[in-house]
Amino acid sequence: MSQIQDYPSLFSLAGKTAVVTGGSRGLGLHAATGLTLAGCAKLIITSRNASACADAVKSLQSLSTGATTLSLPADLSSPSEVERFVKELAAVTDGKVDILIANAGAVWGEAFDRHSDAAFDKVMNLNVRSVFNLIRLCTPLLERAAKQSGQKARVVTVGSTVGLNIGAIGEHGMYGYAASKAAVLHLTKHLAVELGPRGILLNAIAPGVFPSKMTKGMIALAGGEEDMGKGSPDGRIGKPEDIVGSIVFLCSRAGEHVNGAVLPIDGGKHVVPSTVKL
Ligand SMILES: NC(=O)c1ccc[n+]([C@@H]2O[C@H](COP(=O)([O-])OP(=O)(O)OC[C@H]3O[C@@H](n4cnc5c(N)ncnc54)[C@H](OP(=O)(O)O)[C@@H]3O)[C@@H](O)[C@H]2O)c1
């Protein structure tokens, strides 16, 4: 018989301190919900909008798990704001963070001929540069948590399947966005090698389409959620549980030997050859 150590704790995050950027809504709020339900003791979310953060904190507290939940609003597109955020984070976490979900991101869809430098800059800045700066500045906090707990700290970055395959082109082309998501997936692999020996594991999720403020227009253009889901082998788009399941797996003991991986969450759409009509 295989010797499984303490199966009930395999997916537990009991006692952990976790941080979710862009945790006020959408995929970030799904991730924060999963981390809370899996037992995190302390959860910190951030986004630019203080009142949206406060609402999200309230909804997370209503899960009544006993976790301490708070928000530290910040504009992560600015390097000085990333610095301020990490300083405040260190103060409220005693300098120890077990889990960092680098989720905050922005999209831009515009025709190739009109796609401006400012649009390209905006997505590369928030989706790549600020993720790098955030992870770099959080590394001492993650290292400290790993040392004290004797368990690997975790970073999960949020890429996209458009960073794996070609996404939207034409009128709503996502040129800068696709490049930024491919870049963050590669950065994650790079940092997995750099930080693994320092007790920190890095993995990325690559979601397909999930309903959120970001994708509302795109889903409407496709004719709604049901029609949008038809392009995927499992016939649907994403739902909150899909994010929760993958985040909890990657951050728990169950994911302890997974490092430098990219987990597509799209029902298999990313492996459908373009010649196959579903
Ligand atoms: N939804 C999808 O189908 C999908 C698919 C693949 C990948 N993704 C990725 O998943 C992540 C979340 O997307 P979502 O769909 O949940 O989008 P969303 O609903 O627009 O949420 C984005 C979150 O990031 C925050 N944010 C945006 N700019 C920020 C900034 N400068 N500083 C700090 N926080 C900022 C937003 O809050 P504020 O605006 O208040 O700051 C919000 O909390 C993104 O990285 C996105 O690229 C989404």
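Figured I'd write up the structure that's included with this text. Quick caveat: nothing in here was measured; it's all calculated off a predicted structure.

## Looking at the site of the ligand
Move 1: In the vicinity of the ligand, 29 residues are found, and the nearest of them are S24, N103, Y177, F210 and S212.
Move 2: Here F210 contributes a backbone N or O atom positioned 2.7 Å from an oxygen atom of the ligand.
Move 3: Its free accessible area being 880 Å², the ligand has 95% of it covered by the protein chains.
Move 4: Within the residue set of the shell around the ligand, elements represented by two or more residues are α1 (26–37) and α5 (175–195).
Move 5: Partitioned by chemical class, the residues of the shell around the ligand number 11 nonpolar, 13 polar and five charged.

## Quick look at the sheet that holds strand β7 (residues 262–265)
Move 1: Read from one edge to the other, the open sheet built from seven strands follows the order β3-β2-β1-β4-β5-β6-β7, with strand pairing classed as parallel. Looking along the sheet, the strands with just one partner apiece sit at the ends: β3 (68–71) and β7. Here the average twist between neighbouring strands, direction ignored, is 15 degrees.
Move 2: The pairing of strand β1 (residues 17–21) with strand β2 (residues 42–46) spans five bridges and is parallel. Looking across to β2, one finds that T21 is bridged to T46.
Move 3: Helix α3 (residues 79–92) rests against β1, β2 and β3 of the sheet, and its axis sits at about 165 degrees to β2.

## Digging into the environment of H270
Move 1: Summarising the element assignment, H270 is placed in the segment after β7.
Move 2: The spatial distance from the C-alpha of H270 to the C-alpha of A206 is 9.8 Å, given a sequence separation of 64 residues.

## So, the pattern of salt bridges
Move 1: All told, the structure shown has seven salt bridges when counted by the stated rule.
Move 2: A salt bridge links R198 to E143, with the nearest nitrogen and oxygen atoms 2.9 Å apart. Of this pair, R198 sits in the loop between α5 and β6 (200–207) while E143 sits in helix α4 (residues 117–149), and the two are 55 residues apart along the sequence.
Move 3: When its relative accessible area of 39% is taken as the criterion, R198 is described as partly exposed.
Move 4: On the basis of relative accessible area, E143 is assigned to the partly exposed category, the value being 22%.
Move 5: One salt bridge connects D242 with R236, and the closest N-O pair in it is separated by 2.8 Å.
Move 6: The exposure class of D242 is buried, given its relative accessible area of 18%.
Move 7: Taking the relative accessible area as the measure of exposure, R236 reaches 32% and is therefore partly exposed.
Move 8: Each of E81, R84 and E88 takes part in one network of salt bridges that share partners.

## Considering the packing of α4 against α5
Move 1: Their axes nearest at 8 Å, the elements α4 and α5 cross at an angle of 15 degrees. Of the possible angle classes, the one that applies to α4 and α5 is roughly parallel. As α4 packs across α5, the resulting crossing turns out to be right-handed. Across from F120, V123, M124, N127, V128, V131, F132, I135 and T139 in α4, the residues of α5 making contact are Y175, G176, Y177, A179, S180, K181, A183, V184, L187, L191 and L195.
Move 2: Classifying every residue of the contact of α4 with α5 by side-chain character gives 15 nonpolar, four polar and one charged.

## A short note on α3
Move 1: Between its first and last C-alpha, α3 extends 20 Å over 14 residues, near the 20 Å set by a 1.5 Å rise per residue.
Move 2: The complete set of buried residues in α3 reads V82, F85, V86 and L89. In an axial view of α3, the angular spread of the buried residues amounts to 95 degrees, which keeps them on one side of the axis. Exposed residues on α3 whose side chains face more than 90 degrees from its buried face are S80, K87 and A91.

## Notes on the packing of α3 against α4
Move 1: In contact at an axis separation of 10 Å, α3 and α4 are set at 25 degrees when each is read in the N-to-C sense. Considering their axes alone, α3 and α4 lie roughly parallel with respect to each other. Judged by the twist between their axes, the crossing of α3 over α4 is right-handed. Contacts between α3 and α4 involve P79, V82, E83, F85, V86, L89 and A90 on the former and, on the latter, R129, S130, N133, L134, L137, C138 and L141.
Move 2: The residue makeup of the contact of α3 with α4, split by class, is 10 nonpolar, two polar and two charged.

## Some details on the environment of V184
Move 1: Within the secondary structure layout, V184 lies in helix α5.
Move 2: Here V184 falls in the buried class, since its relative accessible area comes to 1%.
Move 3: In this structure V184 touches N127, V131, T157, V158 and G159, once residues within four positions along its chain are discounted.

Cut-off values and rules
Residues numbered from 1 in each chain as written. Predicted model: local features only at pLDDT ≥ 70, side-chain atom pairs only at ≥ 80, totals over all residues. Heavy atoms only, no water. Near = heavy atom within 4 Å. Polar contact = N/O pair within 3.5 Å; in protein donor to acceptor, adjacent residues only side chain to side chain. Areas by Shrake-Rupley, 256 points an atom, 1.4 Å probe, with all protein chains shown as cover. Helix = DSSP H or I, 4+ residues; strand = E, 2+ residues; numbered from the N terminus. Nonpolar A, V, L, I, M, F, W, Y, C, P; charged D, E, K, R; others polar. Pairing = 2+ DSSP bridges. Axes fitted to C-alpha atoms, helices over the stretch in contact; angles between N-to-C directions. Contact = heavy atoms within 4.5 Å. Salt bridge = Lys/Arg side-chain N within 4 Å of Asp/Glu carboxyl O. Buried < 20%, exposed > 50% of the residue type's maximum accessible area, 1.4 Å probe, protein only. Parallel < 35°, antiparallel > 145°, perpendicular 65-115°, else oblique. Left-handed = near helix turned anticlockwise from the far one by under 90°. Expected span 1.5 Å × (residues − 1). Arc of directions from axis to C-beta.

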